[in-house]
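Report on the structure
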Amino acid sequence: MLVLTCAIATLSTAAACSPEPGALPGAPGSTGQGIIDRAPVATAEAIAASPTASAIKQRGQLLIGGSLDAPLLSQQNPATGETEGFDATLGKLLAKYIIGSPDAKIVNSSSETREALLQNSTVDVVFQTYTITPQRAQKVAFAGPYLMSGQAIATMKDKTTIKKPSDLNGKKVIAGANTPGIEAIKQQAPNADIVSFATDPECVQALEQNRGEAYVQDLTLLAASARLNDKLQIVGEPFTSDPYGIGLKLGDDAFKRFVNDWLVQLQQAGIWQQVWKDSLGTVVSGEAPAPPAIGSVPGS
């Protein structure tokens, strides 16, 4: 099980020491080609066992529901046009596994639209810090989990009154719409005044504009935001455990097995670990954590 908490104490320091705020640190573009070159390609038998994989291979492109504005996870590099980060690189690696080359197209999605995009077959998969829950698993299938994270608290550096989740009581707290942060706030600080916004950048902007005293979001997203914004700090440790899954169309058991088999191969080859080091590992100190066990959480 992947544990990020061991390095949390250094996250704010890593952000503060950023040499170029606004840059894309450790973007996989520099080493990503080497990762792609040594990444596995599915056998003809594996492709034939999944009608969805067969259709993607015939199409010649993997359609991914994801983000273009999530630093270190899935962000479009304005200089190259390439989408870089942990999720984006895994998407390219899955495309190579199916097609033989990293031909992937990201369809920009949000927490409100990604389930519909899967259900109507607009996308084949969703890589978007998609937390697995039993409720969501009634609408979509999840391969993985492929990463474990958790809800954490961010404030502006000039705010010092919030140190732990219970300190959110009586405060105006920002959370992303339709994200686990909302329920986490309710459980830990039932007297908090929650205000929600559609995207992570909107939430960070609202925090900067003092429209809330704290922002509760997944640690990986907060780490990326703190890396690019030296006014932001992460306080305390994650207070939930959130498993990320790869969203798939509900009922496609053959494709779920196919994707899970691919994840295991990446983990065993050390490729998953290198992708982590080149992206999230640039703001979380220490060695890459152990990948989570496939199927280890309810809903996966």
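Use the structure listed above.
Summary of the structure given here. Quick caveat: nothing in here was measured; it's all calculated off a predicted structure.

1. Here's the deal with the overall build of the protein chain
When its secondary structure is counted, the protein chain shows 11 helices and 13 strands. Going through the 300 residues of the protein chain one by one, you find that 54% of them count as buried. Sequence separation of at least 24 residues holds for 72% of the intrachain contacts in the protein chain that already meet a minimum separation of 6. Of the roughly 12300 Å² that the protein chain leaves accessible, carbon and sulfur atoms contribute 50%.

2. Quick notes on the environment of Glu-115
Here Glu-115 lies in helix H6 (residues 114-119). Looking at Glu-115, the relative accessible area reads 15%, which means it is buried. Along the chain, Glu-115 and Arg-136 lie 21 residues apart, while their C-alpha atoms are 8.6 Å from each other. If near-sequence neighbours (up to four positions away) are discounted, Glu-115 is found in contact with Tyr-130, Arg-136, Lys-139 and Val-140.

3. Here we look at the layout of surface pockets
The volume enclosed by the largest pocket comes to roughly 480 Å³. Looking at the largest pocket, it is lined by 35 residues, and the ones nearest its centre are Ser-67, Gln-128, Thr-129, Asp-200 and Leu-221. Of all the secondary-structure elements, those providing two or more residues to the lining of the largest pocket are strand S2 (69-70), strand S6 (125-131), helix H8 (200-208), strand S11 (214-218) and helix H9 (219-228). For the lining of the largest pocket, the element with the most residues is S6, which contributes 4 residues. Tallied by class, residues from the lining of the largest pocket come to 13 nonpolar, 16 polar and 6 charged. One number sums up the size of the second largest pocket: a volume of about 260 Å³.

4. Observations regarding the sheet that holds strand S3 (residues 74-76)
As summarised here, the arrangement of the 3 strands in space is S2-S3-S4, forming an open sheet in which the pairing is antiparallel. The sheet is open, and its two borders are formed by S2 and strand S4 (83-84), each paired with just one other strand. For S3 and S4, the ladder comprises 2 bridges, and the chain directions are antiparallel. In the strand pairing of S4, Gln-76 is matched with Thr-83.

5. Notes on the sheet that holds S11
Reading across from one edge, S10-S9-S11-S8-S12 is the order of the 5 strands in this open sheet, with mixed pairing throughout. Each end of this open sheet is capped by a strand with a single partner; those strands are strand S10 (193-197) and strand S12 (232-235). Put simply, the sheet's adjacent strands are angled 35° from each other on average, direction ignored. Across 4 bridges, the pairing between strand S8 (residues 151-156) and S11 is antiparallel.

6. What to know about the nonpolar core
A general tendency of soluble globular proteins is for nonpolar side chains to be buried together. With 43 residues, the main nonpolar core has Phe-86, Leu-93, Ile-246 and Trp-262 as its most contacted residues. Sequence-distant contacts of Ile-246, that is, excluding residues within four places in its chain, are made with Val-125, Val-126, Phe-127, Ala-141, Phe-142, Ala-143, Tyr-146, Val-259, Trp-262 and Leu-263. With 15 residues, the next largest nonpolar core counts Met-156, Val-204, Ala-226 and Leu-232 among its residues.

7. Let's talk about helix H10 (residues 253-269)
Relative to the 24 Å expected for 17 residues at 1.5 Å per residue, H10 spans 25 Å between its end C-alpha atoms, a close match to the ideal helical length. Turning to H10, its buried residues number three or more, namely Ala-254, Phe-255, Lys-256, Phe-258, Val-259, Asn-260, Trp-262, Leu-263, Leu-266 and Gln-267. Positive phi appears at Gly-270, one or two residues downstream of H10, with a value of about 80°.

8. Topic: unusual backbone geometry
Backbone torsion omega between Gly-144 and Pro-145 reads 10°, so that peptide bond is classified as cis. In this model, Ser-121 sits at a positive phi of 65°, which is unusual for a non-glycine residue. Considering the arrangement of structural elements, one finds Ser-121 in the loop between H6 and S6. Although it is not a glycine, Asn-210 adopts a positive phi angle of roughly 65°.

9. Observations concerning the packing of aromatic side chains
Inspection of the entire model under this criterion finds 8 aromatic pairs. Centre to centre, the rings of Phe-86 and Trp-272 are 5.8 Å apart; their planes meet at 90°, and the pair counts as edge-to-face. Taken together, the residues span a long stretch of sequence, with Phe-86 in helix H5 (residues 86-99) and Trp-272 in helix H11 (residues 271-278) at a distance of 186 residues. Each member of the pair, Phe-86 as well as Trp-272, is classed as buried. With a centroid separation of 6.4 Å and 85° between ring planes, the pair formed by Phe-127 and Trp-262 is classed as edge-to-face. Residue Phe-127 is located in strand S6, and its partner Trp-262 is located in helix H10; the two are separated by 135 residues in the primary sequence.

10. As for the environment of Ala-293
Positionally, Ala-293 belongs in the segment after H11. A sequence separation of 145 residues divides Ala-293 from Met-148, and the C-alpha atoms of the two residues are 10.0 Å apart.

The rules behind these values
Residues numbered from 1 in each chain as written. Predicted model: local features only at pLDDT ≥ 70, side-chain atom pairs only at ≥ 80, totals over all residues. Heavy atoms only, no water. Helix = DSSP H or I, 4+ residues; strand = E, 2+ residues; numbered from the N terminus. Buried < 20%, exposed > 50% of the residue type's maximum accessible area, 1.4 Å probe, protein only. Contact = heavy atoms within 4.5 Å. Areas by Shrake-Rupley, 256 points an atom, 1.4 Å probe, with all protein chains shown as cover. 1 Å grid on protein atoms, 1.4 Å probe; cavity = no way out; pocket = protein on both sides within 12 Å on 5 of 7 lines; lining within 4 Å. Points joined across faces, edges and corners; volume = space filled by probe spheres on them. Nonpolar A, V, L, I, M, F, W, Y, C, P; charged D, E, K, R; others polar. Pairing = 2+ DSSP bridges. Axes fitted to C-alpha atoms, helices over the stretch in contact; angles between N-to-C directions. Core = buried A, V, L, I, M, F, W, Y, C linked by side-chain atoms within 4.5 Å. Expected span 1.5 Å × (residues − 1). Phe/Tyr/Trp six-rings, centres within 6.5 Å; stacked < 30°, edge-to-face > 60°.

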